[in-house]
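# Observations on the model geometry
Spelled out, the chains give:
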Amino acid sequence: MDFWFTAFVFAVAILVAVGGSLLLVGYVGTLPASFAFGWQRWVPTLTLPVIGPLWFSATHWQDFSRPGKQLIAGVVLIVAAVALLYGFGPHFVDRLAAGVK
């Protein structure tokens, strides 16, 4: 096993784990609160997994800035993990395939 491949897999796994955790915490922070603002607020928050809670926290930023920041940070980390995976993944696949031959 190559050290750089291990570091690559570790970085992608950590980015996905932390980003997913932040998304989950931000979602749990906004969903119950959206029920107090009527069905026009909680239906999009409930049915649109990432966009709904981001929209709700943006429209009520005074009270829900912390879950909004958690949602934004989670999205950024997930996007970074996907970019890293699709950016450097083919490089590592080529290196590992060359080692098998």
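Computed from a predicted model, the values in this text were never measured in an experiment. (Residues numbered from 1 in each chain as written. Predicted model: local features only at pLDDT ≥ 70, side-chain atom pairs only at ≥ 80, totals over all residues. Heavy atoms only, no water.)

## Overview of the overall build of the protein chain
Helix and strand counts for the protein chain stand at four helices and zero strands. Its helices and strands in sequence order give the protein chain the pattern α-α-α-α, from N to C terminus. For a compact globule of 101 residues, the expected C-alpha radius of gyration is about 13 Å, and the protein chain comes in at 18 Å, more than 25% above that figure. Dimensions of the protein chain, computed from C-alpha atoms along their principal axes, come out at roughly 60 × 20 × 15 Å. The buried share of the protein chain, taken over its 101 residues, is 26%. (Helix = DSSP H or I, 4+ residues; strand = E, 2+ residues; numbered from the N terminus. Rg over C-alpha atoms; globule rule 2.2 N^0.38 Å. Buried < 20%, exposed > 50% of the residue type's maximum accessible area, 1.4 Å probe, protein only.)

## As for the packing of aromatic side chains
Aromatic ring pairs are defined here through the distance separating the ring centres and the angle between the ring planes. What the rule picks out here adds up to seven aromatic pairs. For the ring pair Phe3 and Trp4, a centre distance of 5.1 Å and an interplane angle of 70° mean the geometry is edge-to-face. A connected cluster of aromatic rings, assembled from ring pairs, spans Phe5, Phe8 and Phe92. (Phe/Tyr/Trp six-rings, centres within 6.5 Å; stacked < 30°, edge-to-face > 60°.)

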